[in-house]
Amino acid sequence: MTKLWANSGDSHFLEPDELWRDNLPPHLAERVPRSVKDPDGEWETVHIDSMAFRRKLPTSAARKFMEMTVGAPGGKDVSVRINDLDNEGVWGEVVYPSLGLWCSSFRSPELLREALRVSNDWAYETLEKASPRLVTVGQVSTLDVGDAVKELERIAEMGYRAVFLPTLPHPMQKDYNYPEWEPFWDACDAANMVIAFHIGSEPVDLSDKTRNPGQKYRGPGGAVLNYTETTFEGQRAVMKLVASGALDKRPNLKVLVSEGGATWVPFIADRMEEGYRQHHMAVRPKLERPIREQIFSQVYASFQHDKSAVAAATYMGYHNVMWGSDYPHMEGTFGHTQETLHELFDDADPKVAERVMRGTFYELFPDVPQVPVEEPVGAGA
């Protein structure tokens, strides 16, 4: 097969386990997450931010499954990562953090603010400086909007181009459609910062001993139900930014929803326009620009395997579709990226293939070096 090169709108990196504990002052370091396992290995006590709760540990089969979700050494080693990308035919990529899973469990604004500051400094030094091909996604507190604005302005000065938000903010904070978030949207707009949502990032109740984190369904079909359920989170986040007027007032603000597919975007535009039109007497606020115009021009969506996403970019008038590898997660394409790209794009319209594989990414991140015409020579080329 001819080697295809693509940019990726979705990937992940694992920070060191002790990153926060080793880099925060003692009075904060003692409050970051740590677990103490029972001697029988069936339960653990999780200590976090002066709280503690008990939870049942996963079975051996479940632990093996979770280990498989990060199946490549490049998930922790950036030099190995660049070599993997070269071998797979992935050039530029958006890189999401991992420690952010715990953010909704913090209760102290100071602890969350300082922990994410450590994460951003580490990621910038380790990833952003490692290669111009990596677009590292910064993190901000969703517990305190003022802290979020300050950290966003700080990382923008450092050189960050995107900021990660969970699909729901901290449980102690108002949702994204409330006016409390207006200063943050203004700051993102002023800094030309892409707002990057990743599915599967809703806050979870870690104190619920009867369920694994993020588990909503049990019984027949539970695994498929839980996996599919995560895709709806990004759709809800986009709906809030549109209906509240956050995008309407800021036509240059861009939003990326990673790993959630793309065919939902035209449907959401249709549904929201219908709601706005048919229930206009109850709609607040009134919007200046058509909802479809906002969504089609400001919302970007990444996918990894969905053939329907290519069809959406071809036939449905929605062109902000971006492919993503989800490296190194098991849901992603690592180990079969070339087969996936050929299956998706060999029969596609060449203009559509060019945009989805490469062009959409460059529209958001134009300073990433161009994909080489020929295969790079050696790792890190």
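Preceding block: the structure.
Small disclaimer: the values here were computed from a predicted structure and weren't measured.

Participant: Mind showing me how you'd approach the packing of aromatic side chains here?
Facilitator: Where two aromatic rings form a pair, the distance of their centres and the angle of their planes describe that pair. Here the structure, examined in full by the defined rule, presents 15 aromatic pairs. Plain terms: the ring middles of Phe361 and Tyr362 are 6.0 Å apart, the flat faces sit at 90° to each other, and that makes the pair edge-to-face. On the basis of relative accessibility, which here comes to 11%, the residue Tyr362 falls in the buried class. Through a chain of ring-to-ring contacts, three or more aromatic side chains come together here, namely Tyr176, Trp181, Phe184, Trp185 and Phe197.

Participant: Quick question: what am I supposed to make of unusual backbone geometry here?
Facilitator: Keep in mind that most residues, glycine aside, have a negative phi and that most peptide bonds are trans. A cis amide bond links Arg284 to the next residue, Pro285, at an omega of 0°. With respect to the helices and strands, Pro285 occurs in the loop between helix H10 (264–278) and helix H11 (291–298). Tyr327 connects to Pro328 through a cis peptide bond whose omega is 0°. Along the chain, Pro328 turns up in the loop between strand E11 (321–323) and helix H13 (337–345). The phi angle at Asn192 is positive, at roughly 55°, despite the residue not being glycine. Mapping Asn192 onto the fold places it in the loop between helix H7 (182–191) and strand E8 (194–198). Of note, the phi angle at Glu259 is positive, near 70°, even though the residue is not glycine.

Participant: Help me out: how do you make sense of helix H5 (residues 109–128) in this one?
Facilitator: It helps to recall that an α-helix has 3.6 residues per turn; residues three or four apart then point in one direction. Across its 20 residues, H5 extends 26 Å between first and last C-alpha, which sits within 8% of the 28 Å expected from 1.5 Å per residue. Considered for burial, the residues of H5 that qualify are Leu111, Leu112, Ala115, Leu116, Val118, Ser119, Asn120, Trp122, Ala123, Tyr124, Leu127 and Glu128. Contacts from the buried residues of H5 go to helix H1 (19–23), helix H2 (26–29), helix H4 (78–88), strand E5 (90–95), strand E6 (134–139) and helix H6 (145–158).

Participant: I tried to follow the pattern of salt bridges on my own but got confused; where do I start?
Facilitator: Between side chains of opposite charge, a pair can form when the charged atoms approach closely. Summed over the entire model, instances satisfying the criterion amount to 23 salt bridges. Here Arg161 makes a salt bridge to Asp367, at a shortest N to O gap of 3.2 Å. Of this pair, Arg161 sits in the loop between H6 and strand E7 (162–165) while Asp367 sits in the segment after helix H14 (350–364); the two residues are 206 residues apart in sequence, bridging distant segments of the chain. Linking Glu229 and Arg236 is a salt bridge whose minimum nitrogen-to-oxygen distance equals 3.5 Å. Overall, Glu229 belongs to the buried group, its relative accessible area being 10%. Taking relative accessible area as the criterion, Arg236 reaches 32% and is therefore assigned partly exposed.

Participant: How should the environment of Glu18 be read in this particular structure?
Facilitator: Take Glu18: it is sitting in the loop between strand E1 (6–8) and H1. On a C-alpha basis, the gap between Glu18 and Arg34 in space is 9.5 Å, while along the polypeptide they are 16 residues apart. At 3.1 Å, the side chain of Glu18 forms a polar contact with the side chain of Arg21.

Participant: I tried to follow a negative patch on the surface on my own but got confused; where do I start?
Facilitator: A cluster of like negative charges, contributed by Glu339, Glu343, Asp346 and Asp347, occupies part of the molecular surface. Along the polypeptide, Glu343 turns up in helix H13. For Glu343, a relative accessible area of 57% gives the class exposed.

Participant: Explain the pairing of strand E3 (residues 43–48) here, please?
Facilitator: Every regular strand shows the same layout, with side chains that alternate between the two sheet faces. Relative to E3, strand E2 (residues 34–37) runs antiparallel, the two sharing 4 bridges. When the sheet's bridge partners are listed, Val36 is paired in E3 with Thr45. In sequence, E2 turns back onto E3 through a hairpin of 5 residues, with Gly41 there showing a positive phi of about 75°.

Participant: Would you explain the nonpolar core in this entry?
Facilitator: If you look at soluble globular proteins, the nonpolar side chains tend to sit buried side by side. Core analysis: the biggest nonpolar cluster contains 86 residues, and Trp20, Phe184, Trp185, Ile295 and Phe345 have the highest contact counts within it. No other element matches H5, which puts 9 residues into this core. The contact partners of Phe345, leaving out residues within four places of it in the chain, are Phe303, Val310, Ala353, Val356 and Met357. Core analysis: the next-biggest nonpolar cluster, separate from the first, contains 19 residues, Val135, Phe361, Tyr362 and Phe365 among them.

Participant: Please clarify how the pairing of strand E9 (residues 255–258) should be interpreted in this entry.
Facilitator: Side-chain alternation along E9 places Val255 and Val257 on one buried face and Leu256 and Ser258 on a second face that is also buried. Pairing between E9 and strand E10 (residues 299–303): 3 bridges, direction parallel. Bridge pairing in E10 places Val257 opposite Ala301.

Conventions and cut-offs
Residues numbered from 1 in each chain as written. Predicted model: local features only at pLDDT ≥ 70, side-chain atom pairs only at ≥ 80, totals over all residues. Heavy atoms only, no water. Phe/Tyr/Trp six-rings, centres within 6.5 Å; stacked < 30°, edge-to-face > 60°. Buried < 20%, exposed > 50% of the residue type's maximum accessible area, 1.4 Å probe, protein only. Helix = DSSP H or I, 4+ residues; strand = E, 2+ residues; numbered from the N terminus. Expected span 1.5 Å × (residues − 1). Contact = heavy atoms within 4.5 Å. Salt bridge = Lys/Arg side-chain N within 4 Å of Asp/Glu carboxyl O. Polar contact = N/O pair within 3.5 Å; in protein donor to acceptor, adjacent residues only side chain to side chain. Patch = residues over 30% accessible without salt bridge, like charges linked within 9 Å, V, L, I, M, F, W, Y side chains within 5 Å. Areas by Shrake-Rupley, 256 points an atom, 1.4 Å probe, with all protein chains shown as cover. Lys, Arg positive; Asp, Glu negative; His and termini not counted. Charge placed at Lys NZ, Arg CZ, Asp CG, Glu CD. Pairing = 2+ DSSP bridges. Core = buried A, V, L, I, M, F, W, Y, C linked by side-chain atoms within 4.5 Å.

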